[in-house]
2 protein chains.
Amino acid sequence: MLDATSSYNPMDLRIPVADRTGHRTVPETTRRSDRIPGTRYGNRPTMKDVAARAGVGLKTVSRVVNGEPGVTPETERRVQEAIEALGFRRNDSARVLRKGRTASIGLVLEDLADPFYGPLSRAVEEVARAHGALLINGSSAEDADREQELVLALCARRVDGLVVIPAGGDHRYLEPELKAGVATVFVDRPAGHIDVDVVVSDNFGGARDGVSHLLAHGHRRIGFIGDMPRIHTAAERLRGYRTAMEDAGIAVEDAWMSLGVTDPERVRRAAEEMLSGPEPVTAIFTGNNRVTVTVIRVLAGHTRQVALVGFDDIELADLLQPGVTVVAQDAAALGRTAAERLFRQLDGTLLAPERIELPTRLITRGSGELPPAD
Amino acid sequence: MLDATSSYNPMDLRIPVADRTGHRTVPETTRRSDRIPGTRYGNRPTMKDVAARAGVGLKTVSRVVNGEPGVTPETERRVQEAIEALGFRRNDSARVLRKGRTASIGLVLEDLADPFYGPLSRAVEEVARAHGALLINGSSAEDADREQELVLALCARRVDGLVVIPAGGDHRYLEPELKAGVATVFVDRPAGHIDVDVVVSDNFGGARDGVSHLLAHGHRRIGFIGDMPRIHTAAERLRGYRTAMEDAGIAVEDAWMSLGVTDPERVRRAAEEMLSGPEPVTAIFTGNNRVTVTVIRVLAGHTRQVALVGFDDIELADLLQPGVTVVAQDAAALGRTAAERLFRQLDGTLLAPERIELPTRLITRGSGELPPAD
DNA sequence: TAGAGCCTGGACAACGTTGTCAGGCTCGGG
DNA sequence: CCCGAGCCTGACAACGTTGTCCAGGCTCTA
C-alpha cells in the first residue's frame, strides 16, 4: 500500500459510507500544524494588498481583475503594475463561495489507465474546456464504496456537474445532490434507482452482431468470456450472446460461458478450459478489451485455429495474424455526448432525463472469419 | 470545434497569456444570469440551517461534521438527524477559504488519451488519494500557451501542488506560485528557467542502448524517426542515437534522421523515404510509442525484413511477427515518484530541488535481432 | 453659473466555514 | 449550601472575493 503516514493530509476524503454527509468521524491522526494565524495562504497577496499598493479601493482591483468597465486607463495601469509586482493571483475559492459556481465538473471512472477510458476522459475534458470548466477526476477501481466516496467528495467541492461511470448499483445517495441542482450524467452503464441522463453503447446489439458474425462463418460451439455479471455492460453483452445463439437455434451450454474478474489468470484458465475436452469451442467472443488481449495470448499458444471476436477495439489489432475482428464502441463519442448533455443541463435547456444509446460497429479483420476447425 | 456558445460559462479559463494574473480582459459574452439574490447554492442547506433544525449552535454542527470531540451523544444524534433530513453536505470551498489548503493537486499533461499518460496519471492519482487529496487534470495538447493557461487556472483554484509535464520551454511564469508555496514537480521533461524538482526517464541512455542493440546485430545504416526536436525527450533520444552511432564509428547521414510531429502521415513518409533509394536503412529506431505503431504498419507492407527498436513499450508488441523490441520506460513509476516527491515537499521534509532519472529497460522480442537484409 | 446627469471609485455586507474564547451547566467536595 | 473544576455549547470574527449602493467630481447645457 502507499505511504500515507506523512503529515500532509489536509482533508481526508475517506468518508465512512454509512454516513453520507461528507464528514469524518474518525479522530484526527497526526497532521500538519494549522496555519500560523496572521499568515494567509502562504503569504499570498490578496486584492487588499494590491489595492493598498496601487493606492486604490478594493473593488477597483476586483474590477480590473475581472475586466469590468468603469476604470480609467491610468488607474487600470497602476493596478496592473501592483498585480505584477506582487504576483497576485485571484483566489477562486473565495470567488466560488461568493458566486456559487465552481466552473468545474467531476468525472468518476473505473481506471484512468485503461485504454478505453483515456479517450473518454479526454473527450469530457475537451467539452468542459469549451465551456470554461476544469475537470476533476478519480478512479473508483470498480469499487462501489470508493465510487460513492469520490462522488461525495466532488459534491463537497461543489462541482457544477458530475459524469459518472458507476461501479455500484444503487445511487440513491445522490438524491440530495440532484435536488440541489448538481447536473449529472451516467456513462457506459446506467444508474441505479435514480432518474438521470444515461449515455451507453448498444452493448446488447453489438454483442449479438459479433456473435452472429461467428455463426455466419459456420461456428456452433462459441464461447463467451466476460466481466463480472453485476457490471451492466457485461450482463448486456452476455444477453446479446445468448440471443444470437438462441436465434440460431443453438442451446447454449454452461461450459461455454465464463464471467468474472478480467484478471489475466482467470481469463486464461477460462479460455483453456473451453478449448479443451472432447467438444471444445471453435470460436470465442470476448466481453471487453482486457479479456480480448489475454485470449489473444492464449490462442497464440495453440496450434489449432480458433475464431475470435472481441468487444472493444484494441490498438494494433489489424497487424496481428490473423487480424482481430472486433465490435468497436466509440469511447470518445460516449464521453463527448455525456459531457454535452451535462452542460445542456446546466444551461437549463434540458428537460427530462433520457437514455441515449450509441451504436457499435463490427470491424472485420480476419479472426472472426476463420471457419470451425473440427 | 466544440460548441461553446451556450450560456453556461461561469469562469472562463482562457487567460490571455500576455497578462499573467488569472483575469480576463475580453468583454463578457452571453452568460447565465447571476444567482438570484437570496438563494444560496441552489438552495443547498448550510450548517446554519442544520443548526436551526437541530436547535443547536452553528459551531456544534461544525464539530459534529468534523468529528471533533466535545459533543454529547444526544446532541450529536439530533445534529445527525437534521443533516440526514436536509441532505446537508459541507461546502469545501468555504472550508478551503478558511483553512488555506485545498487538498487537491493539479496534473497537466499532454494528452490523457495517450496510452503512455494513462498509467502515469493513474499513479499520481493513487498517491494523491493516499494523502487525502483529489486530482484535477488537464491536457495541454502540446501547446505552451495552453499549458500556462491550465497551470494558472489550477493555481487560481489554489491547488496545493502541481505535477507538470511541460509543453513549453519557459516556466518563469511559475515563480510567484513557487514563492507562494505551491509544491511543484516536473515529470518526463525538465522545466525551463526555474529551479524545481524534475523526474525523468533516462532518455539518452535508453536510446543509446536501443541503438547499440541494433548495432550489435550488425546494422550500420540505422534510421531514427522521432518527435519534434524542441521536445526534450525527443532531443535526448536523438542524442542517444547519435552517441551510439558515433561510438560505433559510424558517420550518421542526414537522410537517416527525421524529426517532426508524430502524425501518422508524416511518420509514414519519413519511413518510406529511409527505406527507399540505393542505400536504404536496414534498421529503424523509433522515438516514441505513436511513431513505433505507425512504423510497424509501414514495415508490415514491406517484403524486405527491416529491424526495429522502439522507445516506449506498446501493448501486444509481443504477439506481432516478429515481436517488437522496445526500450520501455515505467510510466507509472514516473508518476508515482513525482507525486511522492510532491507530497514530501508539502510535508516540509524536502529541501533542495533535485533531478531524478529513472532507468529504462530494453525488452528484446525479435524485431531488434533481425540481421541486416542486404 | 447653477443644476442635471454621468462617470469613477470606495465602503460595506454577504457567501459558508472554522478557530477563539467565554459563558453556562453539572457535579462533587468542603 | 456554596464554590470550583470540568465539560458542553454558542457568539463572533475572519478567510478573499463580489454585488450593491452611495459619494464626489466631472462635463454639458440652459
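Each chain has its residues counted from 1, running along the sequence as written. Lettering for chains starts from A, numbering for ligands starts from 1, and both go in the order in which the items are written. In keeping with the model being predicted, local features are shown solely for residues with a pLDDT of at least 70 and side-chain atom pairs are shown and tallied solely at 80 or more, while totals for entire chains, interfaces and linings include all residues. Excluded from the side-chain calculations are hydrogens and water; all other atoms, namely the structure's heavy atoms, are used.

S.K.: Help me get a handle on helix α2 (residues 58-65) of chain A, residues and values and all.
M.R.: Among the residues making up α2 of chain A, those that are buried are T60, V61, S62, V64 and V65 of chain A. The secondary structure listing takes helices from DSSP runs of H or I that are at least 4 residues long and strands from runs of E that are at least 2 residues long, numbered from the N terminus. A positive backbone phi angle near 65° is found at G67 of chain A, which sits one or two residues after α2 of chain A. A simple rule labels every residue: compare its accessible area, found with a 1.4 Å probe on the protein chains alone, to the largest value its type can have, and call it buried under 20%, exposed over 50%, or partly exposed in between.

S.K.: Got a sec to walk through the sheet that holds strand β9 (residues 307-311) of chain A? Specific residues and values, please.
M.R.: Residues and elements named next belong to chain A. In this description, strands pair whenever DSSP reports at least two bridges between them. Taken in spatial order, the six strands make up an open sheet running β7-β6-β8-β9-β10-β12, and their pairing is mixed. With one partner strand each, in any of the chains shown, β7 (257-259) and β12 (361-363) form the two edges of the open sheet. Taking each pair of neighbouring strands and ignoring which way they run, the sheet shows an average axis angle of 15°. In this sheet, strand β10 (residues 325-328) lies alongside β9 in parallel orientation, the contact comprising three bridges. In the sheet register, V309 faces β10, and the bridge partner there is T325. Those strands touched by helix α8 (residues 203-216) are β6 (222-226), β8 (283-286), β9, β10 and β12, and its axis lies near 170° from that of β9. Should any heavy atoms of two residues lie within 4.5 Å, those residues are counted as being in contact. Axis angles are defined between N-to-C directions and span 0 to 180 degrees, where every axis is a line fitted to C-alpha atoms and, for a helix, only to the segment in contact. Running at roughly 170° to β6, helix α10 (residues 264-275) makes contact with β6, β7 and β8 of the sheet.

S.K.: Report on the packing of helix α1 (residues 47-54) of chain A against α2 of chain A, specifying residues and quantitative values.
M.R.: Two quantities define a packed helix pair, namely the angle between the axes and the distance from one axis to the other. Residue and element names in this part refer to chain A. One way to put it is that α1 packs onto α2 with a least axis distance of 8 Å and a crossing angle of 105°. With respect to α2, the element α1 is oriented roughly perpendicular. Seen from α1, the contacting residues are M47, K48, V50 and A51; seen from α2, they are L58, V61, S62 and V65. In terms of residue class, the contact of α1 with α2 is built from six nonpolar, one polar and one charged. We call two directions roughly parallel when the angle between them is under 35 degrees, roughly antiparallel when it is over 145, roughly perpendicular when it lies between 65 and 115, and oblique otherwise. Residues were grouped as follows: Ala, Val, Leu, Ile, Met, Phe, Trp, Tyr, Cys and Pro as nonpolar; Asp, Glu, Lys and Arg as charged; and all remaining residues, including Gly, as polar.

S.K.: Tell me about the sheet that holds strand β7 (residues 257-259) of chain B, and name the residues and values.
M.R.: Residues and elements named next belong to chain B. In space, the six strands of this open sheet follow the order β7-β6-β8-β9-β10-β12, with mixed pairing throughout. Edge positions in the sheet fall to β7 and β12 (361-363), since each has one partner strand and no second. Adjacent strand axes in the sheet meet at a mean angle of 15°, parallel and antiparallel pairs treated alike. In the packing of helix α8 (residues 203-216) onto the sheet, contacts are made with β6 (222-226), β8 (283-286), β9 (307-311), β10 (325-328) and β12, and the angle to β9 comes to roughly 170°. Strands β6, β7 and β8 of the sheet are contacted by helix α10 (residues 264-275), whose axis makes an angle of about 170° with β6.

S.K.: Account for unusual backbone geometry, with residues named and values stated.
M.R.: Backbone torsion omega between Q321 of chain A and P322 of chain A reads -5°, so that peptide bond is classified as cis. Residue position: P322 of chain A is located in the loop between β9 and β10. The residue R158 of chain A is not glycine, and still its phi comes out positive at about 60°. Structurally, the position occupied by R158 of chain A is in the loop between α6 (144-156) and β3 (161-164). Residue classification places R158 of chain A among the buried residues on the basis of a relative accessible area of 7%. Although it is not a glycine, H193 of chain B sits at a positive phi angle of roughly 65°. Relative to the helices and strands, H193 of chain B is located in the loop between β4 (183-187) and β5 (197-201).

S.K.: Can you explain helix α6 (residues 144-156) of chain B? Please cite residues and give values.
M.R.: Residues and elements named next belong to chain B. Helices are assigned an expected span. That span is 1.5 Å times one less than the residue count. Along its 13 residues, α6 runs 18 Å from first to last C-alpha, staying within 8% of the 18 Å computed at 1.5 Å per residue. Burial of α6 is extensive: eleven of the 13 residues sit out of reach of the surface. Residues of α6 that are buried: R146, E147, Q148, E149, L150, V151, L152, A153, L154, C155 and A156.

S.K.: Describe in detail the side chain of T75 of chain A, supporting the description with residues and values.
M.R.: All names here are of chain A. Secondary-structure assignment places T75 in helix α3 (residues 73-86). By the criterion applied in these results, polar contacts are pairs of N or O atoms within 3.5 Å in which, for protein atoms, one can donate a hydrogen and the other can accept it, and in which residues neighboring in sequence qualify only through two side-chain atoms. Of the polar contacts made by the side chain of T75, one reaches the side chain of T72; its length is 2.6 Å. If we ignore the near neighbours within four places in the chain, the residues touching T75 are V56 and T60.

S.K.: Can you break down the packing of helix α4 (residues 92-99) of chain A against helix α4 (residues 92-99) of chain B residue by residue, with the values?
M.R.: The N-to-C vectors of α4 of chain A and α4 of chain B enclose an angle of 140°; their axes lie 8 Å apart at closest approach. In terms of axis orientation, α4 of chain A runs oblique to α4 of chain B. Seen from above, α4 of chain A lies across α4 of chain B with left-handed handedness. Contact residues: S93, A94, V96 and L97 of chain A in α4 of chain A; S93, A94, V96 and L97 of chain B in α4 of chain B. Residue composition of the contact of α4 of chain A with α4 of chain B, grouped by class: six nonpolar, two polar and no charged. Here a crossing is taken to be left-handed if its near helix is turned anticlockwise relative to the far helix by less than a right angle, and right-handed if that turn runs clockwise.

S.K.: Give me the lowdown on the pattern of salt bridges, citing residues and values where you can.
M.R.: We define a salt bridge as a contact between a side-chain nitrogen of Lys or Arg and a carboxyl oxygen of Asp or Glu at a distance within 4 Å. Tallied over the full model, the rule gives 49 salt bridges over all chains. Measuring nitrogen to oxygen at the nearest pair gives 2.7 Å for the salt bridge that ties E149 of chain A to R129 of chain B. Remark: R129 of chain B occurs in helix α5 (residues 117-130) and E149 of chain A occurs in helix α6; the pair is interchain, linking two chains. Residue D313 of chain A pairs with R365 of chain A through a salt bridge whose shortest N-O separation is 3.0 Å. Of this pair, D313 of chain A sits in the loop between β9 and β10 while R365 of chain A is found in the segment after β12, placing the two residues 52 residues apart along the sequence. A relative accessible area of 35% means that D313 of chain A is categorised as partly exposed. What emerges from the salt-bridge pattern is a single network uniting E110, D114, E142, D188, R189, D227 and R290 of chain A.

Just geometry here; none of it tells us what the structure is for.
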